Amino acid sequence: MDKSSALDYINQMFPTEASLSGVEPLMQKIHSEIRRVDAGILAAVRQQSNSRTKAKEDLAAATHAVEELMYKIREIKTKAEQSETMVQEICRDIKKLDFAKKHITTTITALHRLTMLVSAVEQLQLMASKRQYKEAAAQLEAVNQLCSHFEAYRDIPKITELREKFKNIKQILKSHVFSDFSSLGTGKETEETNLLQHLTDACLVVDALEPSVREELVNNFCSRELTSYKQIFEGAELAKLDKTERRYAWIKRRIRTNEEIWKIFPPSWHVPYRLCIQFCKKTRKQLEVILDNLKEKPDVGTLLLALQRTLEFEDELAEKFGGGTSSREIGNEIEEIGRDSNGQNVSDIRKKYERKFAANQGNGAEEKDGSLSVPGAGFNFHGIISSCFEPHLTIYVELEQKTLMEHLDKLVQEETWDIEEGSQNNVLSSSMQLFLIIKRSLKRCSALTKSQTLLNLFKVFERTLKAYVVKLKARLPKGGMGIVAAATGMDGQIKMSDRDERVICYIVNSAEYCRKTSGELAESVSKIIDAPLAEAVDMSAVEEEFSGLITEALMTLVHGLETKFDAEMAAMTRVTWGTLESVGDQSSYVNSINMILSSSVPVLGSLLSPIHFQYFLDKLASSLGPRFYANIFKCKQISETGAQQMLLDTQAVKTILLEIPSLGRQTSSAASYSKFVSREMSKAEALLKVILSPVDSVADTYRALLPEGTPMEFQRILELKGLKKADQQSILDDFNKHGPAIMQPSIAPSVAAPAPTPAIANASVGFIASREDVLARAAALGRGAATTGFKRFLALTEAAKNQKDGPFRKLFNA
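Note that the structure is a prediction, hence the values are computed from the model and not measured.

**Focus on the overall build of the protein chain**
- Of regular secondary structure, the protein chain possesses 30 helices and two strands.
- Looking at the protein chain as a whole, 38% of its 814 residues are labelled buried.
- Surface summary for the protein chain: the accessible area is close to 46,100 Å², and the carbon and sulfur share equals 55%.

**Digging into the confidence of the model for the protein chain**
- Averaged over the protein chain, the pLDDT score is 77; the fraction of residues at 70 or greater is 78%.
- Looking across the protein chain, the model is least confident in strand 1 (residues 760–761), with a mean pLDDT of 31, and most confident in helix 16 (residues 452–475), with 92.
- Note on residues 341–377: pLDDT is under 50 here. Beyond four places in sequence and across chains, it has 22 contacts.
- The low-confidence segment residues 741–814, where pLDDT is below 50, has 117 contacts with residues more than four positions distant or belonging to other chains.

**Observations regarding empty space enclosed by the protein**
- Scanning all chains against the criterion turns up two cavities of 30 Å³ or more.
- Taken as a whole, the largest cavity encloses approximately 70 Å³ of empty space.
- Counting only elements with at least two residues in the lining of the largest cavity, the list comes to helix 22 (610–633) and helix 23 (640–658).
- Looking at the lining of the largest cavity element by element, the count peaks at three residues for helix 22.
- The residue inventory of the lining of the largest cavity, partitioned by class, reads seven nonpolar, no polar and one charged.

**Considerations on helix 6 (residues 195–208)**
- For helix 6, built from 14 residues, the straight-helix expectation of 20 Å at 1.5 Å per residue is met to within 8% by its first-to-last C-alpha distance of 20 Å.
- Buried within helix 6 are the following residues: Leu195, Leu199, Asp201, Ala202, Cys203, Val205, Val206 and Ala208.

**A short note on the packing of aromatic side chains**
- Under the counting rule described, the total for this entry stands at 16 aromatic pairs.
- Judged by centre distance (6.4 Å) and plane angle (85°), the rings of Trp577 and Tyr589 are edge-to-face. Of this pair, Trp577 sits in the loop between helix 20 (566–574) and helix 21 (588–607) while Tyr589 is found in helix 21, placing the two residues twelve residues apart along the sequence.
- For Trp577, a relative accessible area of 0% corresponds to the buried category.
- We classify Tyr589 as buried; its relative accessible area is 2%.
- By way of ring pairs, the aromatic residues Tyr229, Phe233, Tyr248, Trp250, Phe279 and Phe313 are connected into one cluster.
- Cation over ring: Lys174 sits above Phe178, and NZ or CZ is 5.7 Å from the ring centre.
- The positively charged end of Arg475 is found above the aromatic ring belonging to Trp417, 5.3 Å away from the centroid.

**Focus: the side chain of Ser441**
- Positionally, Ser441 belongs in helix 15 (residues 429–448).
- Look at Ser441 and you get buried, because its relative accessible area is 0%.
- Not counting residues up to four positions away in its chain, the partners in contact with Ser441 are Tyr396, Glu400, Leu457 and Phe461.

**Focus: helix 21**
- Over its 20 residues, helix 21 runs 29 Å from end to end, which matches the ideal 28 Å to within 8%, given 1.5 Å per residue.
- Contact partners of the buried residues in helix 21: helix 18 (498–528), helix 19 (540–564), helix 20, helix 22, helix 23 and helix 24 (660–663).

**Considering a nonpolar patch on the surface**
- A surface patch of nonpolar side chains, amounting to about 380 Å² of accessible area, comprises Val66, Leu69, Met70 and Ile73.
- Tracing the chain through its elements places Leu69 in helix 2 (residues 23–130).

**A closer look at the environment of Leu117**
- Along the chain, the position of Leu117 falls in helix 2.
- Leu117 sits 27 residues away from Asn144 along the chain, and the two C-alpha atoms are 9.4 Å apart.
- Apart from the residues within four sequence positions on either side, Leu117 is in contact with Val143, Leu146, Cys147, Phe150 and Leu162.

**Quick notes on the nonpolar core**
- Ranked by size, the top nonpolar core spans 188 residues in total, and within it Phe181, Phe265, Phe616 and Ile632 carry the most contacts.
- With 13 residues, helix 18 is the single largest residue contributor to this core.
- Residues within four places of Ile632 in sequence aside, it is in contact with Met572, Ile638, Met646, Ala684, Leu687, Leu688, Ile691 and Leu720.

**Notes on the environment of Ile159**
- Inspection of the secondary structure assignment puts Ile159 in helix 4 (residues 157–181).
- Residue Ile159 is classed as buried on the basis of its relative accessible area, which comes to 5%.
- When the C-alpha positions of Ile159 and Val118 are compared, they lie 9.6 Å apart, and in sequence the two are 41 residues distant.
- Excluding residues that lie within four positions of it along the chain, Ile159 makes contacts with Leu114, Phe150, Tyr153 and Arg154.

**Some words on the pattern of salt bridges**
- Within the structure shown, the criterion is met by 23 salt bridges.
- Notably, a salt bridge pairs Asp180 with Arg131, separated by 2.5 Å at the nearest N-O pair. In this pair, Asp180 is assigned in helix 4 and Arg131 in the loop between helix 2 and helix 3 (133–148), connecting sequence segments 49 residues apart.
- Glu400 is the salt-bridge partner of Arg444, the closest N and O atoms lying 3.0 Å from each other. With Arg444 in helix 15 and Glu400 in helix 14 (residues 394–414), the pair connects residues that are 44 residues apart, well separated along the chain.

**Description of the packing of helix 4 against helix 6**
- Where helix 4 meets helix 6, the axes come as close as 10 Å, and the angle between the chain directions of the two elements is 145°. Here helix 4 and helix 6 pass one another in a crossing that is left-handed. From helix 4, Leu173, Val177, Asp180 and Phe181 reach across to helix 6, where they touch His198, Leu199, Ala202, Cys203, Val205 and Val206.
- Tallied by class, residues from the contact of helix 4 with helix 6 come to eight nonpolar, one polar and one charged.

**As for the packing of helix 19 against helix 20**
- Orientation of helix 19 relative to helix 20, taken along the N-to-C sense of each, is 40°, at an axis distance of 4 Å. Accordingly, the angle class assigned to the pair helix 19 and helix 20 is oblique. Residues Glu562, Thr563 and Lys564 of helix 19 form the contact with helix 20, whose own contacting residues are Asp566, Ala567 and Glu568.
- Across the contact of helix 19 with helix 20, the residue classes break down as one nonpolar, one polar and four charged.

**Side note on unusual backbone geometry**
- Of note, Arg131 is a non-glycine position whose phi angle comes to about 55°, a positive value.
- Since its relative accessible area comes to 30%, Arg131 is described here as partly exposed.
- Its identity as a non-glycine residue notwithstanding, His270 has a phi of 55°, on the positive side.
- With respect to the secondary-structure elements, His270 resides in the loop between helix 9 (244–257) and helix 10 (271–292).

Rules used in this analysis
Residues numbered from 1 in each chain as written. Predicted model: local features only at pLDDT ≥ 70, side-chain atom pairs only at ≥ 80, totals over all residues. Heavy atoms only, no water. Helix = DSSP H or I, 4+ residues; strand = E, 2+ residues; numbered from the N terminus. Buried < 20%, exposed > 50% of the residue type's maximum accessible area, 1.4 Å probe, protein only. Areas by Shrake-Rupley, 256 points an atom, 1.4 Å probe, with all protein chains shown as cover. pLDDT = per-residue confidence, 0-100. Contact = heavy atoms within 4.5 Å. 1 Å grid on protein atoms, 1.4 Å probe; cavity = no way out; pocket = protein on both sides within 12 Å on 5 of 7 lines; lining within 4 Å. Points joined across faces, edges and corners; volume = space filled by probe spheres on them. Nonpolar A, V, L, I, M, F, W, Y, C, P; charged D, E, K, R; others polar. Expected span 1.5 Å × (residues − 1). Phe/Tyr/Trp six-rings, centres within 6.5 Å; stacked < 30°, edge-to-face > 60°. Lys NZ or Arg CZ within 6 Å of the ring centre and 35° of its normal. Patch = residues over 30% accessible without salt bridge, like charges linked within 9 Å, V, L, I, M, F, W, Y side chains within 5 Å. Salt bridge = Lys/Arg side-chain N within 4 Å of Asp/Glu carboxyl O. Core = buried A, V, L, I, M, F, W, Y, C linked by side-chain atoms within 4.5 Å. Axes fitted to C-alpha atoms, helices over the stretch in contact; angles between N-to-C directions. Left-handed = near helix turned anticlockwise from the far one by under 90°. Parallel < 35°, antiparallel > 145°, perpendicular 65-115°, else oblique.

Shown next, in the form of structure tokens:
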């Protein structure tokens, strides 16, 4: 312990003078403890001294033991080296004997094989001279195996001599075999009964020779067989396009006649298969020459007949030699075009998959029977001859285009523009018939070619469908045009009957059907056509044409309904709004608007799809709302009573527009439509409330309720209120002085309780007033001026709040 700690310890032990009496006992205790510690230290030192001596003795003993161990290890190593030397001396002579035995065995084996090779070559030479093909074939295999053992000794003169002799024998066998096969097909096989068996044995020799010998023999045989074909069909008599079928009859007859004779060839040679390949190549070259040398365009019937027979022949070859046809799957793919998956019942779907299952089962049975054996080369016969017709099929495409256009004209002329009762899709018959004709044309072409001609025909389909769009557009009702229509105010108006409305709906549905089916047509053609041309198959331009037709038809429908409202809008302006004495039920023009919509909308809703009906509603609301607003300005003068009545009519029209979705029995998108109608009609309500405001506050009210208004509209409002020019000028000056409008966009006001809006910017006064202040000031001014009649309007509104029914009550239920 440090000094301070010792002092603290002493003060703690002896805090008072009286406690000093315990110093002696404490000192004795400490001395006793010191003695005990010294004794322990001494004992530990003695023990350590004894342990050091013992540790030295143990270390010396361990060192001695290690030295003895090292000596024994050196001794063992020396004895091992001596043993190894002794073993090597013993085995040295044994190794020499083993190598000698191995070399003697190899030499004996080589000499034995050499003897066998010499004997086999001599026997083979004898067999070759006697044309013993069956025995020679087996002997060839033996000689080939023996020669393989002497590859490492090919530089030895004797081996070189034997190999050269063997090569000459093979050449002799080859010449004998080719000489014997030259008599095949000359009629000698009927005279010499054993000739076929002799040639069958010769085939064994050919298989034992190099593969090139077999290739050369088969090629020579096929060329010799086709020599007569080339001579016959290159003559002036049969070298014509209309004689194409006779070419295929010739080769089929040739194969059928020689079927038994050609069995001499091993199946692995595929002789008929190789013969058909050479026949197809020669036929293609001859047909190319015929087609290129035609002075005039060939007759379409003759050209297509030749192509059809060629395709049938290629299908027969593909079925006989492998690579089965896929025409059935292509037909099913085309049949799916234009089918509405939503309209299929359970039985139709079941039949569809039963057909697919049966087709798969049929393919499996054919494979099990082994009727479709794919040859070694796996050659594809599809298009091997028929592709030469491709550059000359332009006349066929032109004929198809002419036929399609004639059918289109006939379909449109015979169209009744009506739908049979019970029809579910409400699509014109001409649309469905047109795609049926297109599918038949596609089937015809896909059965003939799947290359550039099919793509050209697809472009014809595209032009035909665009022409159909033009014809459907021509059927839409048109507005008034010309000088007379412009002079009478009828320019752009479209007068429609109920039948016209139905026809427009049918056109919309037909255009949607055609747009969807056009995409399916392009998808099907892209699956059928050759892969490099699939990217060029695109029907997006046609789909856009039909989409544009749908938009134009729906806008025509909207314009037609607008035209029906012309009389009602004119009737609204003819009402003497400035002399009305009391507010009553909704006006007659509102009832007429309701009757027009009630008669047209349910029919349109039942015929149009929800998407198209919603588009029609949006366009109708965006047209009627602003038109009703603008029509108010066309009135001569509007008194306060007239403005109250017009406000009631506006609410009635708004209610009628909001009920249109339920009239059409399509309420899926009614929420968004309702917001749209409320926003558009609220502008007309705001305008009427400005007209109802007192003269002193009309400018502020106009800024608050119609912030997007113009000074010209404001001047027209003053005229509607019946103010004189002198009175208008002061108000207009004040209006222009204080700024054009409240700095806030659209406002949807309410008569009963106006909602708060942003402040009015007053540049001349220099303060900001809220919308509530503007309306409150306008009401206060109105209460102080008996001539404005605003008291009467407030009394009517207060009375309407307490009534359960009545026309004016509708203003407070919104």
